[in-house]
Amino acid sequence: MATKGKDMAVWGLDSTRLKRRVLAMLRWLLDPVRRTPVVVTSALLTLLLTVLVVNLFQPVDAAHAERTTAAGASSTSTVSVRQFPKAHHPGKSASSSSATKQQTKAKKPDPAVASSHPVNWLKPSQQVGYPDPAAHPDLSLEVSLQDQRVYVRDGSQLLYTMYASTGMDDSTPRGSFRIQSERGDHFYNPSEGMGARYYTSFLNHGVFLFHSVPTDSKGGYIKEEADMLGIRPGSHGCIRLTVPDARWIMQSVPTGTPVLVK
């Protein structure tokens, strides 16, 4: 009996060891299986995040590229519009249209295209030389109250276009006149508190003039008044011009030259 009991105890011990070994082997076999879902899940999550990131940023990049292209086009358009001044008012008189056609035929530079920005009244209206009156026997000055421009012509041919600011409340007289002998470098009107440089009379011998943008009592240009040039009327009847344009008329346009105001 004792031997048998001992044998049973030994067998029981061996059985326990065997079970432990089997369980250990099963754990070893099952470990990769337990790890596999974690690896697969991680891979799937990584792929999903990649897809989300690509789809999230790609539209943003496309929108940014579209905005950049639109901005570039707008900048180009703005640059081309502001090259030269043109009449501020949308309507054009028949003579103005005819002048444009004549100018195209003669291959003259187009008049400066208008903008709402103030004119540089210290510079000529156009980036071309002034015409030589001696070379143009039919020289005349046409003042357009609608366009706020002075057109220098030889017959029907347009030679030069100037920015202008005429009389408020239609105070510049309309009609056909001629350049008169009264002209000079500077004047000052105390009653108006303003003067101007380079004046040339075209009516009533010193009453209605071509002259520069206004000056104050010290001879300095009044910017607020000058900024109306080429945009809207601002004078009391005279025709204001850029400083070089007024100087050219005073120094170069002969007495007797026809002036048409319309």
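Residues numbered from 1 in each chain as written. Predicted model: local features only at pLDDT ≥ 70, side-chain atom pairs only at ≥ 80, totals over all residues. Heavy atoms only, no water.

All right, on to the packing of aromatic side chains then. If you walk through the whole model with that rule in mind, you get 7 aromatic pairs. Both rings, one in Trp121 and one in Tyr221, keep their centres 5.6 Å apart while their planes meet at 55°; by these two values the pair is tilted. Remark: Tyr221 occurs in the loop between β7 (208-212) and α3 (223-226) and Trp121 occurs in the loop between α2 (94-105) and β1 (139-144); sequence separation between them is 100 residues. Under the relative-accessibility criterion, Trp121 is labelled buried at 13%. Between Phe202 and Phe210, the ring centres sit 5.2 Å apart and the planes meet at 50°, which makes this aromatic pair tilted. In terms of burial, Phe202 and Phe210 fall into one category: buried. Cluster of aromatic residues (ring-pair linked, three or more members): Phe177, Phe202, Phe208 and Phe210. (Phe/Tyr/Trp six-rings, centres within 6.5 Å; stacked < 30°, edge-to-face > 60°. Helix = DSSP H or I, 4+ residues; strand = E, 2+ residues; numbered from the N terminus. Buried < 20%, exposed > 50% of the residue type's maximum accessible area, 1.4 Å probe, protein only.)

The next subject is the confidence of the model for the protein. Any region with low pLDDT has predicted coordinates that should not be read closely. Of the residues in the protein, 62% have a pLDDT of 70 or more, and the chain-wide mean is 77. For residues 57-115, every residue scores under 50 in pLDDT, and the model assigns this stretch 66 contacts once sequence neighbours within four places are set aside. (pLDDT = per-residue confidence, 0-100. Contact = heavy atoms within 4.5 Å.)

For soluble globular proteins, nonpolar side chains are generally found buried alongside one another. Formed by 33 residues in total, the largest nonpolar core has its most connected members in Val150, Phe202, Phe210, Leu241 and Val259. Counting residues per element, the ones that place at least two in this core are β1, β2 (149-154), β3 (157-163), β6 (194-203), β7, β8 (239-241), α4 (243-252) and β9 (258-261). For this core, the element with the most residues is α4, which contributes 5 residues. Residues in contact with Phe210, not counting those within four places in the same chain, are Leu141, Val143, Val150, Ile179, Tyr198, Tyr199, Thr200, Phe202, Ile239, Leu241, Ile249 and Val259. (Core = buried A, V, L, I, M, F, W, Y, C linked by side-chain atoms within 4.5 Å.)

A few words now on the pattern of salt bridges. Throughout the structure, instances matching the rule amount to 5 salt bridges. Glu142 is the salt-bridge partner of Arg153, the closest N and O atoms lying 2.9 Å from each other. Placement of the pair is Arg153 in strand β2 and Glu142 in strand β1, with a sequence separation of 11 residues. Between Asp227 and Lys223 there is a salt bridge, and its shortest N-O distance comes to 2.7 Å. Assessed through its relative accessible area of 47%, Lys223 is described here as partly exposed. Linked by salt bridges that have partners in common, Glu142, Arg153 and Lys262 make up one network. (Salt bridge = Lys/Arg side-chain N within 4 Å of Asp/Glu carboxyl O.)

Another aspect to go through is the layout of surface pockets. Of the pockets and cavities examined, the second largest pocket occupies roughly 230 Å³. Lining the second largest pocket are 16 residues, with Phe187, Glu192, His211, His236 and Cys238 positioned closest to its centre. When residues of the lining of the second largest pocket are traced back to their parent elements, those giving at least two are β5 (183-189), β6 and β7. Examining the composition of the lining of the second largest pocket, we find that 3 residues originate from one element, β7, more than from any other. (1 Å grid on protein atoms, 1.4 Å probe; cavity = no way out; pocket = protein on both sides within 12 Å on 5 of 7 lines; lining within 4 Å. Points joined across faces, edges and corners; volume = space filled by probe spheres on them.)

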